[in-house]
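# Coordinates in review
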Amino acid sequence: MLKFPKSAALAVLAMTAFAGPSLADGDVAAGKKVFKKCAACHAVGDGAKHKVGPELNDVFGRTAGGAEGYKYSKAMIAAGEEGLVWDADSLTEYLTKPKAMIKGTKMAFAGLKKDKDIVNILAYLESFSTAQAAAVEPAPETAKEAEPVETAAAAPAAEEPAPEMAMAVEASQGAYGLGRKAMPDEVEAWDIDIRPDGTGLPDGKGTVAQGDPIYAENCAVCHGDFGEGAGRWPVLAGGQGTLLKERPVKTIGSYWPYLSTVFDYVRRAMPFGNARSLSDDDVYALTAYMMYLNDIVEDEEFELSKENFTEMRLPNEANFMADDRLSEPHYAKGGEPCMTDCKPGPVQITARAQVIDVTPDGEGDENSGGGID
Amino acid sequence: MVDRTDTKQDRQTASRRSFLKAGLMGGAAVAAGTGVARAAGDPLITEIQDWNRYLGEGVDVAPYGKPSEFEADVVRRSVPWLTADPVSSINFTPLHELDGIITPNGLCFERHHGGTATIAPADHRLMIHGLVDTPLVFTMEDLKRFPRENRVYFLECAANGGMEWRGSQLNGCQFTHGMIHCVVYTGVPLRYLLEEAGVKTSGKWLLAEGADASAMTRSIPMEKALDDCLVAFKMNGEALRPEQGYPLRLCVPGWEGNMWVKWLRRLEIGDAPWAQREETSKYTDLLADGKARRHTWVMDVKSVITSPSPQAPVTHGKGPLVITGLAWSGSGTISRVDVTIDGGRTWQTARIDGPSLPKALHRFYLDINWDGSELLLQSRAIDDQGLVQPTKNELRAARGENSIYHNNGIQTWHVNNDGVVENVEVS
């Protein structure tokens, strides 16, 4: 079997033979939405630059590994040398399961499960590509026919109200009688929060060893192989003993009070840009792996589960306290502030922002004097 | 981006040039009130200008209007090195260019944790569940049938000024204080929605959740929820901007901005706080002894002089000078603002002008006759609880330098003889 189509002619053939939906069916607007899954790592459009992944302008027609200035995996460069050129067919295969097509790709993304998402995202990316058109443009007669039909069909579709729910709707019994009763399945679908006392934990389990590959595939690209953080993305591990230092490193092990927060947050918002894609067992395994990276457990066979979760404690829990700002001397002293002769002599400047020079539009943008996140 | 920068540079160059010119022409020209007056008269007056002769654009050129092209540099700006990526980042309101107390919608700073969610109002739902008599789901249409109220509130990020804990660092009021905006919200008091569902007596806490990719969550005590929280769908009369949570956001007046959950989709009632990421690993205030304060919700009494400031230098030379700024407190109204021009040896009470509303920005002015000597400008706010804005050194003495959040210390601007302004700290 020919792994990668080697010429445009072959690409056309492959496209024709391709059993799935064709690029002509793609919806650019819908593709733009799907692209949000990619946007944490990829930029496209005016002025797009390489981020975690390469920029995607003119990706159609680009040789794999061919975006200038981006540091690709060896596997991707090799694929390009073997003749892989990105077109609708090859991108479809890649986006379905990146690691199956290019073993060793840096792209942590697991793949798009729905064919429709892929078709739409390709239509979206194609709108930023100039080279592609000749290879996979639909037959002209389709385009001719489609034009008036599309205009007529698109407008009402956009304003179509949500379909009537085929279920019994119980009105609110409150004073205004507004809203309707939430159904148990609806509450269950959205109620995913976990409290420190274990309220909300789903059934499931996972070990450190199981968490390792899940972390490598989904998390390491931003958080580093050992939780040390890449770029300015959060550091997850280490930092113990730094809270009193000039630059504290606040990690799960050094700062976070509760393990439940790790589970809750990973499940609701991670991996960044592809939230809610991990199974509950995956999240248990990742949480166990976080404990391992932070030396809270040392056994790779350690299994975290709904049953033993609340027995786990993070080291810094006792160091959180209530808000007592009003007891600070400057607030507690009260009274009228000084209006005259408030300082003994002429006031001296002790620090200047221009010396630090990290203001944007200045010349020292690269330097950092500390962040907010 | 390039255009904006160019405009800004052009304008700064132009103002610097006219300032120098005014200086060269000597005191007489300045006293006459213009830097460009000539014997033959100002050509802008003596010659007929294009805009006076030729027709301008008609109506409907911009169905949704935009600011004048000459205001192109009045924009939100970010500090690229602060965060990892624009989809989880912040930008800043250009306070130095604004007046009054209301922030225009397009200039309200943005803070996202997972980008701006795009939600059609017809697809949006708000669910209330947990310790309630009846769990409920509202559509946007349902929400707009409850009695609604209009209220003016500031929203300040708890990290506003967070980069200044170790000393003056960013040279611009936009960057040191611009994580704040103030608009009039239209919405439904949260109390009405909670009453509609019927909160059980054991319901002491509320978890607010957003529908965005960060599914932002914060725990809020029930007393606050029943007191003055608002579920808002309009700002300054029009629909919320997408970046401010369209179509629905929570307002938690006077409390840190992170709690004002955008794209609000869920309110869960419970009997204990949830210890979510944004109330444990973030938005907790690390102190010098290694302890950390949590649930530091209220935004402290605070003020800043917005002009003159590093991005708004004095370009007109000596003579009348308007010193203006903003003051606010999460506890209520501002009862007084004092201003010093000598770094804090002597203070004068400034004039508060415009509405004085609780948990809203207050605008103050001090009109002075500048003699051209160096100034060390500071402002100090006092709220209706009698709380006085502390100095930065008082805060450091109490908390150390690693708190990140809740820096409400007094800001100092140094104005040199040429009117150039710099962010400094003083003895």
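Residues numbered from 1 in each chain as written. Chains lettered and ligands numbered in written order. Predicted model: local features only at pLDDT ≥ 70, side-chain atom pairs only at ≥ 80, totals over all residues. Heavy atoms only, no water.

## A few points about empty space enclosed by the protein
For the record, the criterion: Computed over the protein atoms alone on a 1 Å grid, cavities are sets of points where a 1.4 Å probe fits but cannot get out and pockets are open sets with protein on both sides within 12 Å along at least five of seven lines; a residue lines them when it has an atom within 4 Å of a point. Grid points are joined across faces, edges and corners, and a volume is the space filled by probe spheres set on the points. Under the convention adopted here, Pro, Cys and the residues Ala, Val, Leu, Ile, Met, Phe, Trp and Tyr are nonpolar, Asp, Glu, Lys and Arg are charged, and Gly plus all remaining residues are polar.
Here the structure, examined in full by the defined rule, presents six cavities of 30 Å³ or more. In this structure, the largest cavity encloses a volume near 240 Å³. Looking at the largest cavity, it is lined by 20 residues, and the ones nearest its centre are Arg111, Arg249, Gly257, Asn258 and Lys262 of chain B. When its residues are assigned to classes, the lining of the largest cavity shows eight nonpolar, seven polar and five charged. Volume-wise, the second largest cavity comes out at about 70 Å³. In terms of lining residues, the second largest cavity is bounded by Asp264, Tyr265 and Arg268 of chain A together with His113, Ser214, Ala215, Met216, Thr217, Gln276, Arg277 and Glu278 of chain B.

## Quick notes on the pattern of salt bridges
What counts is decided by this rule: Only one rule defines a salt bridge in this text: a Lys or Arg side-chain nitrogen within 4 Å of an Asp or Glu carboxyl oxygen. We count a stretch as a helix when DSSP gives it H or I for four or more residues in a row; a strand needs E for two or more, and each element gets its number in order from the N terminus. Throughout this description, buried means an accessible area under 20% of the type-specific maximum (1.4 Å probe, protein chains only), exposed means over 50%, and partly exposed covers the range between.
All told, the structure shown has 41 salt bridges over all chains when counted by the stated rule. Among the salt bridges present, the one from glutamate 209 of chain B reaches arginine 268 of chain A, with a minimum N-O distance of 2.7 Å. Residue glutamate 209 of chain B is found in strand 7 (residues 205-210), and its partner arginine 268 of chain A is found in helix 12 (residues 259-269); the two belong to separate chains. Each member of the pair, glutamate 209 of chain B as well as arginine 268 of chain A, carries the same accessibility label: buried. In this structure, the salt-bridge partner of glutamate 156 of chain B is lysine 302 of chain B, at a minimum N-O distance of 2.8 Å. In this pair, glutamate 156 of chain B is assigned in strand 5 (residues 149-156) and lysine 302 of chain B in strand 15 (residues 302-307), connecting sequence segments 146 residues apart. For glutamate 156 of chain B, a relative accessible area of 1% puts it in the buried group. Salt bridges sharing partners connect three or more residues here, namely Asp191, Asp193, Asp264 and Arg268 of chain A together with Glu209, Arg265, Arg266 and Glu268 of chain B.

## Description of the packing of helix 4 (residues 88-96) of chain A against helix 6 (residues 115-126) of chain A
All names here are of chain A. Quick note on the threshold: Helix axes are fitted only over the stretch in contact, all axes being lines through C-alpha atoms; the angle between N-to-C directions runs from 0 to 180 degrees. Note on angle classes: values under 35 degrees are labelled roughly parallel, values over 145 roughly antiparallel, values of 65 to 115 roughly perpendicular, and the remainder oblique. Note on convention: the crossing is left-handed when the near helix lies turned anticlockwise from the far helix by less than a right angle, right-handed when the turn is clockwise. Here, two residues are considered to be in contact whenever any of their heavy atoms come within 4.5 Å of each other.
At a closest axis distance of 10 Å, the pairing of helix 4 and helix 6 adopts a crossing angle of 130°. Relative to helix 6, helix 4 is oriented oblique. For the pair helix 4 and helix 6, the crossing hand works out as right-handed. Contacts between helix 4 and helix 6 pair Ala88, Leu91, Thr92, Leu95 and Thr96 from the former with Ile118, Ile121 and Leu122 from the latter.

## Some points on helix 6 of chain A
Residues and elements named next belong to chain A. How we decide: Here the expected span of a helix is defined as 1.5 Å times the quantity of residues minus one.
Look at helix 6: 16 Å from first C-alpha to last across twelve residues, which is about the 16 Å you get at 1.5 Å a residue. With nine of its twelve residues buried, helix 6 lies for the most part within the structure. Every buried residue of helix 6 is listed here: Asp117, Ile118, Val119, Asn120, Ile121, Leu122, Ala123, Tyr124 and Leu125. Check the buried side of helix 6 and you find it contacts helix 2 (28-35) and helix 4.

## Remarks on the state of the cysteines
Any covalent bond linking the sulfur atoms of two cysteines counts as a disulfide. All names here are of chain A. Spelled out, the test is: In this description, the term disulfide denotes a pair of cysteine sulfurs within 2.5 Å.
A complete count under the given rule lists one disulfide over all chains for this structure. The partner cysteine of cysteine 338 in its disulfide is cysteine 342, sulfur to sulfur 2.1 Å. On the S-S bond that ties cysteine 338 to cysteine 342, the torsion sits near -100°, and the link is left-handed. Assessed through its relative accessible area of 36%, cysteine 338 is described here as partly exposed. With relative accessibility at 25%, the residue cysteine 342 sits in the partly exposed group.

## Remarks on the nonpolar core
Quick note on the threshold: The nonpolar core is taken to be a set of buried Ala, Val, Leu, Ile, Met, Phe, Trp, Tyr and Cys residues, with the residues joined through side-chain atoms within 4.5 Å.
Of all hydrophobic cores here, the largest spans 65 residues; its most connected members are Leu126, Tyr185, Leu190, Leu193 and Leu206 of chain B. Contacts of leucine 206 of chain B, omitting those with residues within four sequence positions, involve Leu190, Leu194, Arg218, Ser219, Ile220, Ala225, Leu267, Glu268, Ile269 and Trp274 of chain B. Core analysis: the second largest hydrophobic core is formed by 39 residues, Ile194, Cys219, Val262 and Ala269 of chain A among them.

## Focus: the confidence of the model for chain B
Fine structural detail should not be taken from predicted coordinates in areas where pLDDT scores are low. Residues and elements named next belong to chain B. How we decide: pLDDT is defined as a per-residue confidence score from the predictor, taking values between 0 and 100.
Summing up the model confidence of chain B, the mean pLDDT is 92 and the portion of residues at 70 or higher is 91%. This stretch, residues 1-33, has a pLDDT under 50; its non-local contacts, to residues over four places away or in other chains, come to 23 contacts. Under the prediction, the complex receives an ipTM of 0.88, its pTM being 0.78.

## Digging into the sheet that holds strand 3 (residues 125-130) of chain B
Convention followed: For two strands to be treated as a pair, DSSP must find at least two bridges joining them.
Spatial ordering of the open sheet is given by 1(A)-4(B)-3(B)-12(B)-7(B)-8(B), a layout of six strands whose pairing is mixed. Taken across any chain shown, the strands that pair with only one partner, and hence form the sheet edges, are strand 1 (180-181) of chain A together with strand 8 (217-221) of chain B. Pairing of strand 1 of chain A with strand 4 (residues 136-139) of chain B, which is carried by two bridges, proceeds in the antiparallel orientation. Paired with lysine 181 of chain A across the two strands is leucine 136 of chain B, which belongs to strand 4 of chain B.

## Things to note about the packing of helix 12 of chain A against helix 13 (residues 280-293) of chain A
Residues and elements named next belong to chain A. At a closest axis distance of 10 Å, the pairing of helix 12 and helix 13 adopts a crossing angle of 135°. When the axes of helix 12 and helix 13 are compared, the pair comes out oblique. The hand of the helix 12/helix 13 crossing is right-handed. Residue-level contacts link Leu259, Val262, Phe263, Val266 and Arg267 of helix 12 to Asp280, Val283, Tyr284, Leu286, Thr287, Met290 and Met291 of helix 13. In the contact of helix 12 with helix 13, the residues fall into nine nonpolar, one polar and two charged.

## What about the sheet that holds strand 18 (residues 348-349) of chain B?
Strand order in the open sheet formed by six strands is 5(A)-23(B)-22(B)-21(B)-17(B)-18(B), with antiparallel pairing between adjacent strands. Pairing within the sheet leaves two strands with one partner each, and these edge strands are strand 5 (349-352) of chain A together with strand 18 of chain B. Of the pairings in the sheet, the one linking strand 5 of chain A to strand 23 (residues 421-426) of chain B comprises three bridges and is antiparallel in character. Bridged to alanine 351 of chain A within strand 23 of chain B is glutamate 425 of chain B.

## Focus: the side chain of histidine 414 of chain B
Rules: Identification of polar contacts relies on pairs of N or O atoms within 3.5 Å, with a donor-acceptor requirement for protein atoms, meaning one able to donate a hydrogen and the other able to accept it, and with residues adjacent in sequence counted only if both atoms are side-chain atoms.
Within the secondary structure layout, histidine 414 of chain B lies in strand 22 (residues 412-415). A polar side-chain atom of histidine 414 of chain B sits 2.5 Å from a polar atom in the side chain of glutamate 374 of chain B. In this structure histidine 414 of chain B touches Ile349 and Arg352 of chain A together with Glu374, Leu375, Leu376, Val420, Val421, Glu422 and Val424 of chain B, once residues within four positions along its chain are discounted.

## Side note on the interface of chain A and chain B
Basically, it comes down to this: Accessible area that two parts lose when put together, with a 1.4 Å probe and added across both, is what the buried area reports.
At the interface, 91 residues of chain A touch 108 residues of chain B. Between chain A and chain B lies a buried interface of about 8700 Å² when both sides are counted; carbon and sulfur atoms form 55% of it. If you look at where chain A meets chain B, you find eleven salt bridges. Applying the counting criterion to the chain A and chain B interface returns 52 residue pairs in polar contact (both at pLDDT 80 or more). Those elements giving two or more residues to the side of chain A that touches chain B turn out to be strand 1, helix 9 (184-190), helix 12, strand 4 (320-321), helix 14 (329-332), strand 5 and helix 15 (353-356) of chain A. If you tally residues by element for the side of chain A that touches chain B, the top one is helix 12 of chain A, at five residues. Its residues placed into classes, the side of chain A that touches chain B shows 45 nonpolar, 19 polar and 27 charged.

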